[in-house]
Amino acid sequence: PRWFKRFGLSRASLNRAAQRRIASLVMEFLGRRTQELVMSSALSAIPLNVGGQLFMASSATLAKAGFLELLLKDELAAGVTDGDGNIFIDRDPELFAEVLRLLRGYTFSRHPRLTWDEVRQEAEFYQVCPSDLDALEPPPVIVVPPDAFATQKVSLFCVGGDVWHVKDGRAVMTDDIDVKMLGGRGGNSTQLHPTILAALGFQEGVAPGDTEYIPRKLFTRPVRTVCYSKPGGDPIAVPFLPDEVDRKDCPHWVQVTYKQQLSKHRAVPLPLRSQRCF
């Protein structure tokens with residue numbers, strides 16, 4: 001045709017371009033088909049008979065365990081099959097179920113009959129990568145500390161006149177004292193007057209090392225520290241009680257300290273708390 005010559009084309013050049021295009025389409029099709037076959041093979045369900053119980057899993061999942069990856073090869077699996085032609089493994093099926101969960105990416109959860117050590121040993125038999133097991137190891141069980149009864153002590157010394165300071169520094173003071181000190185909560189001054197401690201339920205005792213040159217006073221009060229568990233480390237709301245004197249938000253529990261009223265009958269009741277958190 002005339003437009004061949006106008007654009008400087010020939011039948012041979014068009015044939016070569018068509019051949020390259022056809023070759024490109026064929027390679028693209030084969031590549032896509034190969035990828036589909038690989039994905040189909042990796043995701044195909046494979047039956048396994050473990051200790052008489054049938055399990056189904058993809059070859060990609062089973063290949064994460066070295067022992068199972070070798071067993072899937074035809075030359076090895078041919079001699080270890082059951083009556084239905086399924087690969088047979090003479091191991092504990094309950095343990096294998098937990099190992100299969102690990103291969104699927106789940107962490108070990110509490111089991112009524114199995115421990116993590118037993119499951120890990122079984123996973124090591126199947127040659128699961130140790131680093132994978134470390135990543136899937138369950139977090140340790142956190143046990144909340146029991147209630148603690150103690151005597152809070154505050155030692156004061158006088159620097160002249162009626163000016164008193166805390167001997168052990170301000171950092172060890174509970175919240176109810178800190179907010180009453182000079183400068184308010186979070187201040188730097190260690191000045192604290194004895195009347196403040198008396199109003200907070202402290203009783204004055206005998207201060208050791210008292211001399212005529214440096215007057216000292218020792219105040220004490222009974223306290224009870226309670227730890228409220230935070231299941232899973234999630235925040236919880238612990239209501240404020242009138243006798244609360246200090247609170248600390250810890251990673252696994254909220255630690256609250258209460259002053260104890262001196263009573264001949266019974267201690268001030270406190271809300272119940274859970275003993276364990278996970």
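Check the entry above for the structure.
Parameters and conventions
Numbers given for residues are sequential positions, taken from 1 along each chain in its written order. In keeping with the predicted nature of the model, local features appear solely for residues at pLDDT of at least 70, side-chain atom pairs appear and are counted solely at 80 or more, and the whole-chain, interface and lining totals rest on all residues. Only hydrogens and water are set aside; all other atoms, that is, all heavy atoms of the structure, feed into the side-chain values. Each residue is assigned to one of three classes by its accessible area relative to the maximum for its type, calculated with a 1.4 Å probe on protein chains only: buried under 20%, partly exposed between the two thresholds, exposed over 50%. Nonpolar cores were defined as sets of buried Ala, Val, Leu, Ile, Met, Phe, Trp, Tyr and Cys residues, with membership established by side-chain atoms within 4.5 Å. To qualify as a helix, a DSSP run of H or I must reach at least 4 residues; to qualify as a strand, a run of E must reach at least 2; elements of each kind are numbered from the N terminus. We call two residues contacting when some pair of their heavy atoms lies within 4.5 Å. Axis angles are defined between N-to-C directions and span 0 to 180 degrees, where every axis is a line fitted to C-alpha atoms and, for a helix, only to the segment in contact. Should an angle fall under 35 degrees it is taken as roughly parallel, and over 145 as roughly antiparallel, whereas 65 to 115 is taken as roughly perpendicular and any remaining angle as oblique.

Draft legend 1. Region of interest: unusual backbone geometry. The backbone of glutamine 127 shows a phi angle near 65°, a positive value even though the residue is not glycine. Classification of glutamine 127 as partly exposed rests on a relative accessible area of 46%.

Draft legend 2. The arrangement of the nonpolar core in detail. Core analysis: the largest hydrophobic core is formed by 26 residues, its most contacted members being Leu68, Phe96, Tyr126 and Val128. Secondary structure elements with two or more residues in this core: strand 1 (45-50), strand 2 (53-58), helix 4 (66-71), strand 3 (87-89), helix 6 (93-103), helix 7 (116-125) and helix 8 (130-136). The element that contributes the greatest number of residues to this core is helix 6, accounting for six residues. Setting aside its immediate chain neighbours within four residues, leucine 68 contacts Leu62, Ile89, Phe96, Leu103 and Tyr126. Counting 13 residues, the second largest nonpolar core, distinct from the first, contains Cys158, Leu197, Phe202 and Phe219.

Draft legend 3. Spatial organisation of the packing of helix 6 against helix 7. At a minimum axis separation of 9 Å, helix 6 and helix 7 run at an interaxial angle of 75°. The angle between helix 6 and helix 7 falls in the class roughly perpendicular. Contacts between helix 6 and helix 7 pair Leu95, Glu98, Val99 and Leu102 from the former with Trp116, Glu118, Val119, Glu122 and Ala123 from the latter.

Draft legend 4. Region of the structure containing the environment of histidine 165. Residue position: histidine 165 is located in strand 6 (residues 163-166). For histidine 165, a relative accessible area of 17% gives the class buried. Sequence-wise, histidine 165 and arginine 216 are 51 residues apart; in three dimensions their C-alpha atoms are separated by 9.6 Å. Apart from residues no more than four positions distant in its own chain, histidine 165 is found in contact with Ser155, Leu156, Phe157, Val159, Thr190, Gln191 and Leu192.

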